[in-house]
Amino acid sequence: MKLQSIFFFFLVALALSLASCDDNKSYAELLNEERHATNAYLANCRVVNEIPDDTVFEVGKDAPYYRIEPEGNVYMQVLKAGDRKNDKPKISEKIYFRYMRYNLSYWYRYNEMIGEGNENEMSYASTYFNYGNYTLQVSSQWGYGIQLPLSLLGVDSEVNLVIKSQYGWMSEISNVVPYLYHVRYFRSQI
């Protein structure tokens, strides 16, 4: 947990130092808008504010979104849990993932979900991270939120994630935009 705390404080410090001037709004105003967009999306979902004690999650399209980060920066809906007991990733193991993400601030303003990602486009370069090793740029660039489900699920899993900016992509923290992600995790088949 110590590495997670250090990483979180690094992200907050970076976000504060890079705070954008979107429409001359303060960082506090941008955080407030992010909270409204996230809450509006989750208002249409069933939300469970804690991880089950046995870490056995409801699975499927009707499963709830579980708050998996204490401050409410990451919520997870489990579509496929994988083998939680026998297929956990090891620290620094290369984990590949396919994703589609949707800007929740845009959705909140315009009621339209426009996705971007490599979920359906196999010609894109593979996306991966070295699990839990945030000292590597290949891992830290995706932010903490994208890896968090693997602390609770097996590698061959599929989730929907609501990730607030502080836990999102390092290059986008100052934008203060929450995203809805659809993510599938896997190991290389080679």
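Structure shown above.
Now for a quick tour of the structure.

Here is what the cut-offs are and how they apply
Residues numbered from 1 in each chain as written. Predicted model: local features only at pLDDT ≥ 70, side-chain atom pairs only at ≥ 80, totals over all residues. Heavy atoms only, no water. Helix = DSSP H or I, 4+ residues; strand = E, 2+ residues; numbered from the N terminus. Expected span 1.5 Å × (residues − 1). Buried < 20%, exposed > 50% of the residue type's maximum accessible area, 1.4 Å probe, protein only. Arc of directions from axis to C-beta. Contact = heavy atoms within 4.5 Å. Core = buried A, V, L, I, M, F, W, Y, C linked by side-chain atoms within 4.5 Å. Phe/Tyr/Trp six-rings, centres within 6.5 Å; stacked < 30°, edge-to-face > 60°. Lys NZ or Arg CZ within 6 Å of the ring centre and 35° of its normal. Salt bridge = Lys/Arg side-chain N within 4 Å of Asp/Glu carboxyl O.

Turning to helix 2 (residues 27-42), a few remarks are in order. One turn of an α-helix holds 3.6 residues; hence residues three or four places apart share an orientation. Between the first and last C-alpha of helix 2 there are 22 Å, a value that for 16 residues agrees with the 22 Å anticipated at 1.5 Å per step. Every buried residue of helix 2 is listed here: Y27, L30, E34, A37, T38, Y41 and L42. All buried residues of helix 2 lie within an arc of 130° about the axis, which places them on one face of the element.

Before going further, it helps to spend a moment on the side chain of N160. Assignment of secondary structure puts N160 in strand 7 (residues 158-163). When near neighbours in sequence (up to four residues on either side) are disregarded, N160 contacts Y65, Y75, M76, Q77, L79, L180, Y181 and H182.

Moving on: the nonpolar core. Core analysis: the largest hydrophobic core is formed by 31 residues, its most contacted members being M76, F129, L161, Y181, V183 and Y185. Sorting the residues of this core by element identifies strand 3 (74-80), strand 4 (94-103), strand 7 and strand 8 (179-186) as the ones contributing at least two each. Broken down by element, this core gets its largest block of residues, four residues, from strand 8. The residues touching M76, leaving out its near neighbours within four places in the chain, are F57, P64, Y65, Y66, I68, P149, L152, L153, V159, N160 and L161. Grouped together as the second largest cluster of nonpolar side chains are eight residues, Y41, L42, Y65 and V162 included.

Now for the packing of aromatic side chains. All told, the structure shown has 17 aromatic pairs when counted by the stated rule. Seen from their ring centres, Y96 and F186 are 6.2 Å apart, and the 15° between their planes marks the pair as stacked. Placement of Y96 in strand 4 and of F186 in strand 8 is noted, with a sequence separation of 90 residues between them. Here F97 and F129 contribute two aromatic rings whose centre-to-centre distance is 5.4 Å and whose plane-to-plane angle is 40°, an arrangement assigned as tilted. Taken together, the positions of F97 in strand 4 and F129 in strand 6 (residues 127-130) put the pair 32 residues apart, joining distant regions of the chain. Members of the aromatic cluster, each reached through a chain of ring pairs, are F97, Y99, F129, W142, W169, Y179, Y181 and Y185. The ring centre of W169 lies 3.6 Å from the NZ or CZ of R101, which sits over that ring. Across the ring face of Y179, the terminal group of R101 is positioned such that the distance to the ring centre comes to 3.9 Å.

This brings us to unusual backbone geometry. The backbone of S92 sits at a positive phi, close to 75°, despite the residue not being glycine. With respect to the helices, strands and loops of the structure, S92 is situated in the loop between strand 3 and strand 4. Residue class for S92 comes out partly exposed when judged on its relative accessible area of 32%. A positive phi angle is found at V176, which is not glycine, with a value near 55°. Taking the relative accessible area as the measure of exposure, V176 reaches 4% and is therefore buried.

Following the criterion strictly, the structure yields eight salt bridges and no others. Close ionic contact of D156 with K80 constitutes a salt bridge, the shortest N to O distance being 3.0 Å. In this pair, D156 is assigned in the loop between helix 4 (137-140) and strand 7 and K80 in strand 3, connecting sequence segments 76 residues apart. The shortest N-O distance in the salt bridge between R101 and E116 comes to 2.7 Å. Separated by 15 residues along the polypeptide, R101 in strand 4 and E116 in strand 5 (residues 115-117) bring together distant segments of the chain. Under the relative-accessibility criterion, R101 is labelled buried at 2%. Residues joined in a network through salt bridges with shared partners are K25, E33 and R109.

As far as function goes, none of this settles anything; it's purely spatial.
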